[in-house]
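Geometric and topological summary
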Amino acid sequence: MPTADRRPVRILAPLSVLLVSACLKAPSGSAPEGTVAPPQPAAAVPAKHEPVSSIPDPFPTQAELDQISARPHPEAARLLGQSVAPIDAWDLQRPVAQRTEVVTYRGDDPNARALAAVLAEGKDGRRVTQGMQCVAEEMSRFVLAHGDEPAADLRGFIVARCGTPVSFPAVAIQRLPVEELPGRPLHPVKDRQFLDALAKDVPAEASAGFFIGRGEDEAVLGLAFGVPDVELEPVPLVLDGRHEVDVRGRMRWDFDNLSGHASRGELGALPCRPITHEPIAAPRFALRCPVAIDDAFTVIELNASPKGRLLGRGVLRLLVSSRGPVPTHYQSPRLSLPIGPQEHDDLALATAVSALRRKAGMEPVIASAGQSEVLAQLLPHFLVAIADPSQGELADQIALGMMAGRKVGTAIRWGSFSTSTSPSNWPLERDLAAELFSPYSRSRLFDPEANTVAYTEISDPAQPMRVSVIASYSELRDRDYTPQIVALFETIDRQRAAAGLDPLVRVMAPGDVRTMAAVAARVRDGELMPEDAVGQLLRHFAEQTHRSFEGMVLLPHSLEGWNPALEGPIVTDPQVAAAITISHFRPPGAAWGRNLVIVVFTVL
């Protein structure tokens, strides 16, 4: 069997760093009205902390990127990977799922049953599942009908409609003359050598599917497999008029950030929100996602970053419908953009995205020629690195370099990019339509703070394919952080509830809120370092309440879906009062700005 095709790469950037853990005890005195009641007085103790300069910038420097770019570029023909058929629509034919879940295959396909028998002997969690068998069948049928694999949006629809929680599976398709197929179905004993070779590619705990399709002159062997990132509680595809759906489960690995988005209309995306009343702690999660009643179907997508890593990825994609059965037909949308079919550059991308943003009442974006050149220099090396498991560290460094946006020219809050493969004669409009199947991509391109895009592509005249990169960058701007402050309180309360503890007492007296915001603003304006800001706030609360206070500073790259696993009294003591403020600043020389989160608290 050939190697699995390259899945689209989507890059996130969530990482939180605990900067300061400080404690300050206050002298005796009376507490002003409206603040936390004081305990017995104690002597003052100076705060101790690590300076912010000890926190490294996670992005590679421009000099490091220049060294990578200077390496010899591989030939384009080596980089293009599996060809994609220039097809805009597909109809699923097999019976499809009613829920997204992992269910052992019980069908009557003898070839799938033969592989299932071999996998079951391994006792390592591998099995043929209903959803993955659907993926293998539909992808094989598509290749049999059109000669190549489907574009990203058709593939995404097929996988999600099949109801498997393995949302980004590996799919390997082999084409051969029909006369080379045996005249009988595979047998788990007689064909053991072939089945063992097939099973060798399937990792432990994986869901798999296998299908043999026959045409008049050609046949295909299709193997689909993948290990789910999420142990998902079953999610129905049909919601019977409901405008929300709950997505619950357990991540199979620890994460720093987990966020969800749901498509809305032609271009929109809305965030999922945590179900706050449930006492859930990571790696479990519970999200409530909006569902558009007027849409034929809603795409829901979850993205997460592993604990301690800056790079994240898509971990789950679902289809649901509120108004009736989820369709089995998909047609790529027509976007009607003011660009020509031969325009494939950063200016065309900026024109196209700006036109779509204007429809939504948003400001246009600009193209960055400098950042597009960075992408052009790095993309060949990135494609080589991600195809070679031994070059994982280099692939991460290049991905961070493309995200960093060092040539964008403004302070960046967030950067992201995705890669895709498409026929070289497709207009950029069709590539964008495929990109916008993803609610996460919509949330990035239509972020109100997004102001810059970059683009590059690789193509080869001898092979009618191209690999392209679409990148977007959001500007670091002032904003109202009240929703994020509330969300962090709720996150800490869920962690406490999972331990059987009461919620935090929220210190939100107007004077305290103003003081915290004013101190955080001084960090934003470069007048204070973060560790000095927390020291000032500890003194403020100690003097106001005559209580011992502790404080911490956290610098998450993203507040969206942020899931800090805090330790110490704030999550272990029975009663704790806390105040939180959030702002942002740009560390000297850093590629991105950082969110500034200051938490001060006292044990009651």
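Each remark here, short or long, concerns the structure printed above.
An account of the accompanying structure is given in this report. Just so we're clear, the structure is a prediction, and the values are computed from it rather than from any experiment.

**What to know about the overall build of the protein chain**
The helix and strand inventory of the protein chain stands at 14 helices and 25 strands. Seen through its principal axes, the protein chain has C-alpha atoms that stretch 95 × 50 × 45 Å. By the burial criterion, 56% of the 604 residues in the protein chain qualify as buried. Approximately 24,700 Å² of the protein chain is accessible, and the part contributed by carbon and sulfur atoms is 51%. Distance from the positive charge centre (59 side chains) to the negative charge centre (72 side chains) of the protein chain: 3 Å.

**Comments concerning unusual backbone geometry**
The phi torsion at Lys123 lies on the positive side, around 55 degrees, for a residue other than glycine. Counting through the fold element by element, Lys123 comes out in the loop between helix H2 (110–121) and strand E4 (127–128). Despite not being glycine, Asp240 has its phi angle at roughly 55 degrees, a positive value.

**Observations regarding the state of the cysteines**
Enumeration according to the criterion identifies two disulfides in this entry. Between the sulfur atoms of Cys134 and its disulfide mate Cys162 the distance is 1.9 Å. Looking down the S-S bond of the Cys134 and Cys162 bridge, the torsion is -60 degrees, so its handedness is left-handed. Of the two residues, Cys134 is situated in helix H3 (residues 130–146) and Cys162 in the loop between helix H4 (152–161) and strand E5 (170–177); the sequence distance between them amounts to 28 residues. The residues Cys134 and Cys162 share a single accessibility class, namely buried.

**A short note on the sheet that holds strand E12 (residues 268–271)**
The sheet built from four strands is open, its strands ordered E12-E11-E15-E16 with antiparallel pairing. For this open sheet the edge positions go to E12 and strand E16 (313–320), each flanked by a neighbour on one side alone. Sheet twist, expressed as the mean angle between neighbouring strand axes with direction ignored, is 25 degrees.

**A word on the sheet that holds strand E20 (residues 450–460)**
Strand order in the open sheet made by the four strands is E18-E20-E21-E19, with mixed pairing throughout. Each edge of the open sheet carries a strand with a single partner, namely strand E18 (366–367) and strand E19 (412–423). Across two bridges, the pairing between E18 and E20 is parallel. Across the sheet, Ile366 pairs through a bridge with Thr452, a residue of E20. Here helix H6 (residues 346–359) sits on the sheet and contacts E18, E20 and strand E21 (463–475); the angle it forms with E20, its principal contact strand, is near 135 degrees. Against the sheet, helix H9 (residues 428–435) touches E19, E20 and E21, its axis set at about 60 degrees to E21.

**Description of helix H7 (residues 369–386)**
Counted at 1.5 Å a residue, the expected span for H7 with its 18 residues is 26 Å, and the 25 Å between its end C-alpha atoms agrees. Of all the bends in H7, the greatest, near 40 degrees, is centred on Leu378, and the proline Pro380 appears no more than four residues after it. When we look at burial in H7, the residues that qualify are Gln371, Ser372, Val374, Leu375, Leu378, Leu379, Pro380, His381, Phe382, Leu383 and Ala385. Buried positions along H7 lie against helix H1 (62–69), H6, helix H8 (392–404), E19, E20 and E21.

**Brief notes about the environment of Ser321**
If you trace the backbone, Ser321 turns up in the loop between E16 and strand E17 (329–331). Here the alpha-carbon distance between Ser321 and Pro177, two residues 144 residues apart in the chain, equals 40 Å. Look past the residues within four positions of Ser321 in its chain and what remains in contact with it is Leu237, Val238, Leu239, Asp240, Ala296, Phe297 and Val326. Within the local environment of Ser321, its side chain forms a polar contact with the backbone oxygen of Gly324, the two atoms lying 2.8 Å apart.

**What to know about the pattern of salt bridges**
Overall, the coordinates contain 33 salt bridges when judged by the stated rule. Measuring nitrogen to oxygen at the nearest pair gives 2.8 Å for the salt bridge that ties Asp396 to Arg309. One end of the pair, Asp396, is in helix H8; the other, Arg309, is in the loop between strand E15 (298–306) and E16, and 87 residues separate them in sequence. Look at Arg309 and you get partly exposed, because its relative accessible area is 35%.

**Description of a negative patch on the surface**
There is a patch of like negative charges on the surface, built from Glu179, Glu180, Glu216 and Asp217. One can find Glu180 in the loop between E5 and helix H5 (192–199).

**What to know about the environment of Gln133**
Assignment of secondary structure puts Gln133 in helix H3. Expressed as a C-alpha distance, the spacing of Gln133 and Gly107, which sit 26 residues apart in the sequence, is 9.2 Å. Those residues within four positions of Gln133 in sequence are excluded, and the remaining contacts are Arg94, Tyr105, Asp109, Ala112, Val128, Ala208, Gly209, Phe210 and Phe211. Here the side chain of Gln133 touches Phe210 through a polar contact of 2.8 Å, landing on its backbone oxygen.

**Structural notes on the packing of helix H12 (residues 510–524) against helix H13 (residues 530–545)**
Put simply, H12 and H13 touch, their axes get as near as 9 Å, and they point 160 degrees apart. Put simply, H12 runs roughly antiparallel to H13. Where H12 crosses over H13, the two elements pack in a sense that is right-handed. In this structure, H12 uses Asp512, Thr515, Met516, Val519, Arg522 and Val523 to contact H13, whose residues at the interface are Pro530, Ala533, Gln536, Leu537, His540 and Phe541. When the residues that make up the contact of H12 with H13 are grouped by side-chain class, the tally is seven nonpolar, three polar and two charged.

Calculation notes
- Residues numbered from 1 in each chain as written.
- Predicted model: local features only at pLDDT ≥ 70, side-chain atom pairs only at ≥ 80, totals over all residues.
- Heavy atoms only, no water.
- Helix = DSSP H or I, 4+ residues; strand = E, 2+ residues; numbered from the N terminus.
- Buried < 20%, exposed > 50% of the residue type's maximum accessible area, 1.4 Å probe, protein only.
- Areas by Shrake-Rupley, 256 points an atom, 1.4 Å probe, with all protein chains shown as cover.
- Lys, Arg positive; Asp, Glu negative; His and termini not counted.
- Charge placed at Lys NZ, Arg CZ, Asp CG, Glu CD.
- Disulfide = S-S within 2.5 Å.
- Pairing = 2+ DSSP bridges.
- Axes fitted to C-alpha atoms, helices over the stretch in contact; angles between N-to-C directions.
- Contact = heavy atoms within 4.5 Å.
- Expected span 1.5 Å × (residues − 1).
- Bend = angle between axes of the 7 residues up to and from the residue.
- Polar contact = N/O pair within 3.5 Å; in protein donor to acceptor, adjacent residues only side chain to side chain.
- Salt bridge = Lys/Arg side-chain N within 4 Å of Asp/Glu carboxyl O.
- Patch = residues over 30% accessible without salt bridge, like charges linked within 9 Å, V, L, I, M, F, W, Y side chains within 5 Å.
- Parallel < 35°, antiparallel > 145°, perpendicular 65-115°, else oblique.
- Left-handed = near helix turned anticlockwise from the far one by under 90°.
- Nonpolar A, V, L, I, M, F, W, Y, C, P; charged D, E, K, R; others polar.

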